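So the chains spell out like this:
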Amino acid sequence: MYLNIFDDNFNRLNAIANYTEVEIVRNYYSHSLLLLYIDATPSNIELFVNQEEERIITKSTDVKRGYIVEYAEFTDESQTEIMLTAKSLSIMTSWRIIEGQQRFTGNIEDVLKGFVNANAINPVIANRKIPNLIL
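The shown structure was predicted, so the numbers you read here are calculated from the model rather than taken from an experiment.

Parameters and conventions
- Residues numbered from 1 in each chain as written.
- Predicted model: local features only at pLDDT ≥ 70, side-chain atom pairs only at ≥ 80, totals over all residues.
- Heavy atoms only, no water.
- Salt bridge = Lys/Arg side-chain N within 4 Å of Asp/Glu carboxyl O.
- Helix = DSSP H or I, 4+ residues; strand = E, 2+ residues; numbered from the N terminus.
- Buried < 20%, exposed > 50% of the residue type's maximum accessible area, 1.4 Å probe, protein only.
- Pairing = 2+ DSSP bridges.
- Axes fitted to C-alpha atoms, helices over the stretch in contact; angles between N-to-C directions.
- Contact = heavy atoms within 4.5 Å.

Explain the pattern of salt bridges to me, using residue names and the numbers behind them.
One pass over the full model with this rule turns up three salt bridges. Note that Arg65 and Asp62 form a salt bridge whose closest N and O atoms lie 3.1 Å from each other. Between Lys113 and Glu109 there is a salt bridge, with the nearest N and O atoms lying 3.0 Å from each other. On the criterion of helical spacing, the pair formed by Lys113 and Glu109 is a turn pair, its members being four residues apart in helix α2 (residues 108-121). Judged by its relative accessible area of 38%, Lys113 falls in the partly exposed class. We classify Glu109 as partly exposed; its relative accessible area is 46%.

What follows is the structure, encoded as structure tokens:
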């Protein structure tokens, strides 16, 4: 299995096939977590450590689940390994608060989709939109 690396516009930047360890902790009640340990090659340092833009990681076997990199740091003083901590893309919904009172009816799936649509995909205030977010 290799890992796909995307920028925040979902342009594929690279694929990582060599890594020391990858651990995915799924969480039903909160955001899932991906921990990735990779060699500190110049290309990996440029891709993750010296980068201001968001990076998104998906598994080659499951491109529908993505993880947004929150931290990239060296694990040792000699800077030979990088540890990446990434949370599931569902974290993006916590970037928006619900403004005012909103009311939706229907089953739970319809209600949740309504909140995401009204507050992050098609909000009344255009600058509250999360780019590239779709249901």
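On we go.
Talk me through the sheet that holds strand β2 (residues 12-16); I want residue IDs and the actual numbers.
In space, the seven strands of this open sheet follow the order β2-β1-β5-β6-β7-β4-β3, with antiparallel pairing throughout. The open sheet is flanked by β2 and β3 (21-25), the only strands paired with a single partner. Across the sheet, the axes of successive neighbouring strands diverge by a mean angle of 30°, strand direction being ignored. In this structure, strand β5 (residues 55-59) lies alongside strand β6 (residues 62-74), joined through four bridges in antiparallel fashion. Within β6, the position partnered with Thr58 by the bridge is Gly66. Packing against the sheet, helix α1 (residues 42-49) makes contact with β1 (3-7), β2, β4 (33-39), β5, β6 and β7 (81-88), and its axis sits at approximately 100° to β6.

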